[in-house]
Amino acid sequence: MFNVEPLEPTDDLLESLYVVNKVAKQLADDATDAYERGDATESNVCSARKEALYRTKTAVLSRIVANDPASVIGEYHAINGDAWLFLTVNGWHFHQPPRAIGSDLADRISVSNSPDTPLDAPYVRDPTVSRSDRSLEEALCGLADHGVNANDHLAQPTISGADDRLVDVRWPFLR
(Lines give C-alpha, C1' and ligand atoms only; values in the text may rest on other atoms or scores of the structure.)
Protein backbone atom coordinates (compact mmCIF):
# COMPACT_ATOMS: atom_id res chain seq x y z
CA MET A 1 0.00 0.00 0.00
CA PHE A 2 1.18 3.53 -0.70
CA ASN A 3 1.75 6.24 1.84
CA VAL A 4 1.61 9.52 -0.06
CA GLU A 5 -0.07 12.70 1.11
CA PRO A 6 -2.72 13.58 -1.51
CA LEU A 7 -2.49 16.82 -3.46
CA GLU A 8 -5.29 18.55 -5.39
CA PRO A 9 -4.29 19.12 -9.05
CA THR A 10 -5.12 22.82 -9.36
CA ASP A 11 -4.18 24.74 -12.50
CA ASP A 12 -1.74 26.80 -10.42
CA LEU A 13 -0.01 23.67 -9.16
CA LEU A 14 0.08 22.10 -12.63
CA GLU A 15 1.52 25.26 -14.15
CA SER A 16 4.30 25.21 -11.56
CA LEU A 17 4.93 21.55 -12.34
CA TYR A 18 5.07 22.37 -16.05
CA VAL A 19 7.71 25.07 -15.38
CA VAL A 20 9.74 22.65 -13.26
CA ASN A 21 9.62 20.06 -16.05
CA LYS A 22 10.66 22.59 -18.73
CA VAL A 23 13.58 23.84 -16.63
CA ALA A 24 14.70 20.26 -15.90
CA LYS A 25 14.84 19.58 -19.63
CA GLN A 26 16.82 22.78 -20.19
CA LEU A 27 19.22 21.86 -17.38
CA ALA A 28 19.87 18.54 -19.14
CA ASP A 29 20.95 20.49 -22.23
CA ASP A 30 22.95 22.95 -20.13
CA ALA A 31 24.77 20.09 -18.37
CA THR A 32 25.74 18.58 -21.71
CA ASP A 33 26.90 21.94 -23.09
CA ALA A 34 28.98 22.63 -19.96
CA TYR A 35 30.53 19.16 -20.11
CA GLU A 36 31.44 19.64 -23.78
CA ARG A 37 33.06 23.01 -22.88
CA GLY A 38 35.10 21.27 -20.21
CA ASP A 39 33.27 22.97 -17.32
CA ALA A 40 32.78 19.97 -15.05
CA THR A 41 31.58 22.10 -12.14
CA GLU A 42 28.75 23.71 -14.11
CA SER A 43 27.87 20.37 -15.69
CA ASN A 44 27.62 18.73 -12.25
CA VAL A 45 25.52 21.60 -10.84
CA CYS A 46 23.11 21.42 -13.77
CA SER A 47 22.87 17.63 -13.54
CA ALA A 48 22.24 17.67 -9.79
CA ARG A 49 19.51 20.27 -10.12
CA LYS A 50 17.96 18.51 -13.13
CA GLU A 51 17.67 15.26 -11.19
CA ALA A 52 16.17 17.08 -8.21
CA LEU A 53 13.58 18.75 -10.42
CA TYR A 54 12.61 15.42 -11.98
CA ARG A 55 12.26 13.88 -8.51
CA THR A 56 10.17 16.91 -7.50
CA LYS A 57 7.94 16.31 -10.53
CA THR A 58 7.56 12.66 -9.52
CA ALA A 59 6.66 13.62 -5.95
CA VAL A 60 3.96 16.03 -7.13
CA LEU A 61 2.52 13.60 -9.70
CA SER A 62 2.46 10.82 -7.09
CA ARG A 63 0.52 13.04 -4.70
CA ILE A 64 -1.92 14.01 -7.46
CA VAL A 65 -2.56 10.35 -8.28
CA ALA A 66 -2.99 9.62 -4.56
CA ASN A 67 -5.56 12.43 -4.37
CA ASP A 68 -7.71 11.45 -7.34
CA PRO A 69 -6.44 8.81 -9.76
CA ALA A 70 -9.47 9.42 -11.99
CA SER A 71 -8.15 12.93 -12.71
CA VAL A 72 -5.08 11.41 -14.39
CA ILE A 73 -5.30 9.83 -17.84
CA GLY A 74 -2.40 7.74 -19.03
CA GLU A 75 -1.01 6.17 -22.17
CA TYR A 76 2.19 4.23 -22.57
CA HIS A 77 4.55 5.75 -25.12
CA ALA A 78 7.72 4.21 -26.49
CA ILE A 79 10.66 6.48 -25.69
CA ASN A 80 14.18 5.29 -26.48
CA GLY A 81 13.03 1.67 -26.35
CA ASP A 82 11.29 2.01 -22.98
CA ALA A 83 7.60 2.32 -22.15
CA TRP A 84 6.91 5.64 -20.40
CA LEU A 85 3.63 6.87 -19.04
CA PHE A 86 2.29 9.92 -20.83
CA LEU A 87 0.07 11.49 -18.19
CA THR A 88 -2.60 14.10 -18.79
CA VAL A 89 -3.93 16.02 -15.81
CA ASN A 90 -6.48 18.78 -16.49
CA GLY A 91 -4.98 19.40 -19.94
CA TRP A 92 -1.35 19.44 -18.75
CA HIS A 93 0.94 16.69 -20.12
CA PHE A 94 3.89 14.97 -18.47
CA HIS A 95 6.02 11.95 -19.37
CA GLN A 96 6.97 9.80 -16.41
CA PRO A 97 8.73 6.45 -16.11
CA PRO A 98 6.08 4.24 -14.47
CA ARG A 99 8.56 2.79 -11.98
CA ALA A 100 9.22 6.31 -10.63
CA ILE A 101 5.79 6.67 -9.02
CA GLY A 102 5.65 3.03 -8.00
CA SER A 103 3.29 0.28 -9.01
CA ASP A 104 0.79 0.92 -6.20
CA LEU A 105 0.06 4.37 -7.58
CA ALA A 106 0.67 3.62 -11.27
CA ASP A 107 -1.88 0.80 -11.08
CA ARG A 108 -4.52 3.33 -9.98
CA ILE A 109 -4.18 5.38 -13.19
CA SER A 110 -6.60 4.66 -16.02
CA VAL A 111 -4.30 3.73 -18.90
CA SER A 112 -5.55 3.18 -22.45
CA ASN A 113 -2.86 0.65 -23.43
CA SER A 114 -0.32 -1.65 -21.85
CA PRO A 115 3.42 -1.18 -21.38
CA ASP A 116 3.82 -4.19 -23.71
CA THR A 117 2.13 -2.24 -26.52
CA PRO A 118 3.29 1.37 -26.11
CA LEU A 119 2.28 3.91 -28.70
CA ASP A 120 5.00 4.79 -31.12
CA ALA A 121 4.60 8.49 -30.53
CA PRO A 122 8.10 9.91 -30.73
CA TYR A 123 8.79 12.48 -28.09
CA VAL A 124 9.80 15.73 -29.73
CA ARG A 125 10.78 18.53 -27.41
CA ASP A 126 10.33 22.04 -28.70
CA PRO A 127 12.01 24.37 -26.19
CA THR A 128 10.41 27.39 -27.87
CA VAL A 129 6.89 26.35 -26.85
CA SER A 130 5.83 27.63 -23.47
CA ARG A 131 2.51 27.64 -21.64
CA SER A 132 3.78 29.81 -18.81
CA ASP A 133 5.87 32.86 -18.11
CA ARG A 134 6.25 31.85 -14.46
CA SER A 135 9.84 31.83 -13.22
CA LEU A 136 11.45 28.76 -11.70
CA GLU A 137 11.63 30.57 -8.37
CA GLU A 138 7.87 31.27 -8.45
CA ALA A 139 7.15 27.67 -9.46
CA LEU A 140 9.38 26.11 -6.79
CA CYS A 141 8.10 28.43 -4.07
CA GLY A 142 4.54 27.52 -5.08
CA LEU A 143 5.31 23.82 -4.84
CA ALA A 144 7.07 24.35 -1.50
CA ASP A 145 3.87 25.98 -0.25
CA HIS A 146 2.23 22.61 -0.97
CA GLY A 147 4.90 20.73 0.96
CA VAL A 148 7.15 19.75 -1.95
CA ASN A 149 10.54 21.43 -1.57
CA ALA A 150 12.94 20.79 -4.46
CA ASN A 151 15.93 21.09 -2.12
CA ASP A 152 14.65 17.98 -0.34
CA HIS A 153 14.96 16.09 -3.63
CA LEU A 154 18.62 16.85 -4.25
CA ALA A 155 20.75 13.72 -3.91
CA GLN A 156 23.22 15.90 -1.98
CA PRO A 157 23.21 19.59 -1.09
CA THR A 158 26.72 20.01 -2.53
CA ILE A 159 28.76 18.68 -5.42
CA SER A 160 32.49 18.52 -5.88
CA GLY A 161 33.62 21.28 -8.20
CA ALA A 162 36.94 22.26 -9.72
CA ASP A 163 39.93 21.74 -7.42
CA ASP A 164 37.72 19.59 -5.13
CA ARG A 165 35.85 22.71 -4.05
CA LEU A 166 32.39 22.02 -2.64
CA VAL A 167 29.61 23.84 -4.46
CA ASP A 168 26.18 24.30 -2.87
CA VAL A 169 23.52 23.29 -5.42
CA ARG A 170 20.48 24.12 -3.28
CA TRP A 171 18.11 26.82 -4.43
CA PRO A 172 18.78 29.61 -1.89
CA PHE A 173 15.22 30.93 -1.98
CA LEU A 174 13.95 27.56 -0.64
CA ARG A 175 16.16 27.34 2.43
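Just so it is clear, the structure is predicted and the values come from calculations on it, not from any experiment.

What counts, and at which threshold
- Numbers given for residues are sequential positions, taken from 1 along each chain in its written order.
- Given that this is a predicted model, residues contribute local features only at a pLDDT of at least 70 and side-chain atom pairs are listed and counted only at 80 or more, while totals for whole chains, interfaces and linings are drawn from all residues.
- With hydrogens and water stripped out, all remaining heavy atoms of the structure feed into the side-chain values.
- Salt bridges, as used here, are contacts in which a Lys or Arg side-chain nitrogen is within 4 Å of a carboxyl oxygen on Asp or Glu.
- Secondary structure is summarised from DSSP: a helix means a run of H or I of at least four residues, a strand means a run of E of at least two, and numbering begins at the N terminus for each.
- Accessibility here uses a 1.4 Å probe with only protein chains present; expressed as a share of the type maximum, an area under 20% marks a residue as buried, one over 50% as exposed, and anything in between as partly exposed.
- How sure the predictor is of each residue is captured by pLDDT, a score from 0 to 100.
- Pairs of strands are assigned from DSSP output, requiring at least two bridges between the strands.
- Two residues form a contact once any of their heavy atoms are found within 4.5 Å.
- The angle between two axes is taken between their N-to-C directions and runs from 0 to 180 degrees, where each axis is a line fitted to C-alpha atoms and a helix contributes only its stretch in contact.

Side note on the pattern of salt bridges
Stage number 1. By the definition in use, this model includes 6 salt bridges.
Stage number 2. E51 is the partner of K50 in a salt bridge, and the nearest nitrogen-oxygen pair spans 3.0 Å.
Stage number 3. Three or more residues are tied together by salt bridges with common partners; here these are D12, E15 and R134.

Brief notes about the environment of D68
Stage number 1. Positionally, D68 belongs in the loop between α2 (40-67) and β1 (72-79).
Stage number 2. For D68, a relative accessible area of 32% puts it in the partly exposed group.
Stage number 3. Sequence-wise, D68 and L136 are 68 residues apart; in three dimensions their C-alpha atoms are separated by 26 Å.

Digging into the confidence of the model for the chain
Stage number 1. Counting all residues, the mean pLDDT for the chain is 90, and 93% of those residues have values of 70 or more.
Stage number 2. In the model of the chain, helix α4 (residues 103-106) stands out as the element of lowest mean pLDDT, 82, in contrast to helix α5 (residues 136-145), which has the highest, 97.

A short note on the pairing of strand β2 (residues 82-89)
Stage number 1. Bridge count between β1 and β2: 8 bridges; the pairing is antiparallel. Its bridge partner being in β2, A78 is matched across the sheet by A83.
Stage number 2. Where β1 hands over to β2, the hairpin turn is made up of 2 residues, of which N80 adopts a positive phi near 50 degrees.
Stage number 3. Two elements, β2 and strand β3 (residues 92-96), share 5 bridges in a ladder whose sense is antiparallel. Note on β3: the bridge partner recorded for L87 is F94.
Stage number 4. Connecting the antiparallel pair β2 and β3 is a turn made up of 2 residues, with N90 showing a positive phi of about 50 degrees.

As for the sheet that holds β1
Stage number 1. Strand order in this open sheet of 4 strands is β3-β2-β1-β4, and the pairing throughout is mixed. This sheet does not close on itself; its edge strands, each paired only once, are β3 and β4 (110-111).
Stage number 2. Along the sheet, helix α1 (residues 11-37) contacts β2 and β3; its crossing angle with β3, the most-contacted strand, is approximately 50 degrees.
Stage number 3. Sheet contacts for α2: β1, β2 and β3; angle to β3, the most-contacted strand, approximately 115 degrees.

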